[in-house]
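Examination of the molecular architecture
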Amino acid sequence: LYSRDGKNDLQLGNDQVYAGTGGTTVQILDLDTDEVRQSVVKDIRNVARIVEEMKHIHFFQNCCVPNDVPIEYYDLNIAFAAMMGTNKHVMFGCNSGQSLRDTFRMVTRIAGGKDALKAKPIFSISACMIISPLKFCTQSTVNVRNAAELNVPTTVTSAPMSGSTSPMTMAGTLLQTHAEVLAGITVHQLTRPGAPVLYGGLPAMAEMRSMGYQGGGVECGMMQAAIHQLSQRIDVPNYASSGLSDSKITDAQAGWEKAFTTGLAVMGGNNYIHHAAGMLESMQCVAYELYVIDDEIIGQACKILEGISTGEDHMAFEAIQKVGPGGNYLLSPHTLRHLRREYFQGNGVSDKGGREDWIQQGCLSARDRARTIARAILDKPLEPKIHPEIEMKIRSDFNIFL
């Protein structure tokens, strides 16, 4: 899966790990009022602008519903708004066959033609084509088949909840998920053998008291790590999920739920981890500042994958000899060589200073700092990521609401 500028291409497969956004919620936590409101198409572009600036968010998957757009034009406007905000790879859920074909025509113009888009697909779709347990969703199956015919990369997704739409046990839920995804991939490949596809196993849990979706449990991370092993068994790259906090605000609960599930998903080797940035309230809401916080969480999780290098220079034998007993490494050339590469460099949302500095800066929380960073990005002059001439032609030929 490709980015438009070549800086964030996704080479999926084996244990290559990428994490990004997702959700398609109907609500967003407003950055100015701090109140939950309906999401609109401008929010999609705004989140894409933040994602473009976040080093550790590798792709943009649609985050929210454009409630100010008629449903028949959702796909067009989601893709357009996202591509106006970021050059990173764009994925979204498809609503109908016709809207997918219209979006395909629009994106071919942005990509430079059908051949260019086929060679380097800059967008893909996600399709939850299974109604668990063990039933196909008619419209999503049509969408998957249309995507296969157009050679648009797509996920074949099953998202059962243990205790309600899958067995109560994790192993039973994994078994059913595997069967459902295999059935979906079979339909996809029979439509067009060899068409690009991702294994989309997204097992989760039901909250048995309310029967609601529970996405923040550590078991979700455990099952997601297992899902990657199942996808590897059939040699298909996988589409995964993490970061689905059950918290309603950006608080400590959101932090630990995101850290555990994203850490497990990353360490499990999952290839394309969506939902990893921005999510609150069990997929019912997103928040601007969370994209900044989750960028930090994703970056630290991916840092784990680098391991501890034991190359000759990293072992630092000569540096230890030169400094000797009672010395220090502050001015050592070895320190300068590794100062900015050995340890994780964050985006500024984590406070690493002393208490006095923290007090002088206003006793800000991580959420406060994240909101400041997000606001600074959105306050910059808008730099559309679609060429103005192409944008004008698209606006004249398609129903664009942004």
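Scope of this entry: the structure provided in the associated data block. (Residues numbered from 1 in each chain as written. Predicted model: local features only at pLDDT ≥ 70, side-chain atom pairs only at ≥ 80, totals over all residues. Heavy atoms only, no water.)

Looking only at helices and strands, the chain features 15 helices and 17 strands. Expected size for 402 residues packed as a compact globule is a radius of gyration near 21 Å; at 22 Å, the chain falls within 12% of this value. Here the chain holds 402 residues, and the buried ones make up 51% of them. Of all intrachain contacts in the chain linking residues separated by at least 6 positions in sequence, the fraction that spans at least 24 positions is 74%. Separation between the mean location of the 36 positive side-chain charges and that of the 42 negative ones in the chain comes to 5 Å. (Helix = DSSP H or I, 4+ residues; strand = E, 2+ residues; numbered from the N terminus. Rg over C-alpha atoms; globule rule 2.2 N^0.38 Å. Buried < 20%, exposed > 50% of the residue type's maximum accessible area, 1.4 Å probe, protein only. Contact = heavy atoms within 4.5 Å. Lys, Arg positive; Asp, Glu negative; His and termini not counted. Charge placed at Lys NZ, Arg CZ, Asp CG, Glu CD.)

This part covers the sheet that holds strand 12 (residues 204-207). Pairing is mixed across the open sheet formed by three strands, whose spatial order is 10-12-13. On the outer flanks of this sheet lie strand 10 (161-162) and strand 13 (212-214), each paired with one strand and no other. (Pairing = 2+ DSSP bridges.)

Where helix 1 (residues 41-53) contacts helix 9 (residues 288-306), the two axes come as close as 10 Å, and the packing angle between them is 25°. The orientation of helix 1 relative to helix 9 falls into the category roughly parallel. At the point where helix 1 passes helix 9, the crossing takes the right-handed sense. Contacts between helix 1 and helix 9 involve Asp43, Asn46, Val47, Ile50 and Val51 from the first element and Tyr288, Tyr291 and Val292 from the second. For the contact of helix 1 with helix 9, a count of residues per class yields six nonpolar, one polar and one charged. (Axes fitted to C-alpha atoms, helices over the stretch in contact; angles between N-to-C directions. Parallel < 35°, antiparallel > 145°, perpendicular 65-115°, else oblique. Left-handed = near helix turned anticlockwise from the far one by under 90°. Nonpolar A, V, L, I, M, F, W, Y, C, P; charged D, E, K, R; others polar.)

The next subject is unusual backbone geometry. For the bond from Ser132 to Pro133, the omega torsion is 5°, close enough to zero to count as cis. A positive phi is found at Thr24, a non-glycine position, where the angle reads about 50°. Mapped onto the fold, Thr24 is located in the loop between strand 1 (18-19) and strand 2 (27-29). The backbone phi angle of Met283 is positive, close to 75°, even though this residue is not glycine.

So, about the environment of Leu378. On the secondary structure map, Leu378 appears in helix 14 (residues 366-379). Assessed through its relative accessible area of 13%, Leu378 is described here as buried. Through-space distance from the C-alpha of Leu378 to that of Tyr288 is 10 Å; in sequence the pair is 90 residues apart. With residues up to four places along the chain from it excluded, the contact list for Leu378 reads Leu31, Asn46, Arg49, Ile50 and Tyr288.

Here we have four strands laid out as an open sheet, ordered 3-2-17-16, and mixed in their pairing. Every interior strand has two partners, whereas the edge strands, strand 3 (36-38) and strand 16 (279-280), have only one. Here three bridges tie strand 2 to strand 3, and the two strands are oriented antiparallel to one another. When the bridges of strand 3 are listed, Leu29 appears paired with Val36. Sheet strands in contact with helix 9 are strand 2, strand 3, strand 16 and strand 17 (285-287), and its direction is about 70° off that of strand 17.

The subject of this paragraph is the nonpolar core. Where a protein is soluble and globular, its nonpolar side chains tend to be buried together. With 72 residues, the main nonpolar core has Ile50, Phe60, Met106, Phe123 and Tyr291 as its most contacted residues. Sequence-distant contacts of Phe60, defined by excluding residues within four places in its chain, comprise Thr21, Ile44, Val47, Ala48, Val51, Ala82, Thr86, Lys88, His89, Val90 and Met91. Counting residues in hydrophobic clusters, the runner-up holds 16 residues, among them Ala127, Ile130, Ile185 and Ile227. (Core = buried A, V, L, I, M, F, W, Y, C linked by side-chain atoms within 4.5 Å.)

Let's shift gears to the pattern of salt bridges. Counted according to the given criterion, the structure contains 16 salt bridges. The closest approach of N and O atoms between Asp102 and Arg105, which form a salt bridge, is 3.3 Å. Remark: Arg105 and Asp102 occur in helix 3 (residues 97-111); sequence separation between them is three residues, near one turn of the helix. Residue Arg105 is classed as partly exposed on the basis of its relative accessible area of 43%. Where Arg367 meets Glu289, a salt bridge forms, and the shortest distance between an N and an O atom there is 2.9 Å. Here the residue Arg367 occupies a position in helix 14, and Glu289 occupies one in helix 9, the gap between them amounting to 78 residues. (Salt bridge = Lys/Arg side-chain N within 4 Å of Asp/Glu carboxyl O.)

Tracing the sequence through the fold places Ala206 in strand 12. With a relative accessible area of 6%, Ala206 lands in the buried category. Sequence separation between Ala206 and Met168 is 38 residues, and the spatial gap between their C-alpha atoms is 9.0 Å. Leaving out residues up to four positions away in the same chain, Ala206 has contacts with Met161, Ser162, Ser164, Gly212 and Gln214.

For the rest of this paragraph, the subject is the packing of aromatic side chains. Counted by the stated rule, this structure contains four aromatic pairs. Relative to Phe123, the ring of Phe92 has its centre 5.8 Å away and its plane inclined at 10°; by these criteria the two rings are stacked. Highlighted residues: Phe92 in strand 5 (residues 90-93) and Phe123 in strand 6 (residues 123-127), separated in sequence by 31 residues. Residue class for Phe92 comes out buried when judged on its relative accessible area of 0%. Three or more aromatic residues link up through ring pairs in this structure, and these residues are Phe59, Tyr239 and Tyr272. (Phe/Tyr/Trp six-rings, centres within 6.5 Å; stacked < 30°, edge-to-face > 60°.)

Here the focus is the side chain of Thr177. Along the polypeptide, Thr177 turns up in helix 6 (residues 170-191). Setting aside residues up to four positions removed in sequence, Thr177 forms contacts with Ser158, Pro160, Gly201, Leu202, Pro203 and Ile227.

With five of five residues buried, strand 11 (residues 197-201) lies mostly within the body of the structure. Alternating residues of strand 11 divide into Val197, Tyr199 and Gly201 and Leu198 and Gly200, and every residue in both groups is buried. With five bridges connecting them, strand 9 (residues 154-158) and strand 11 associate as parallel partners. Looking at strand 11, one finds that Ser158 is bridged to Gly201.

Worth remembering: the numbers are spatial, not functional.
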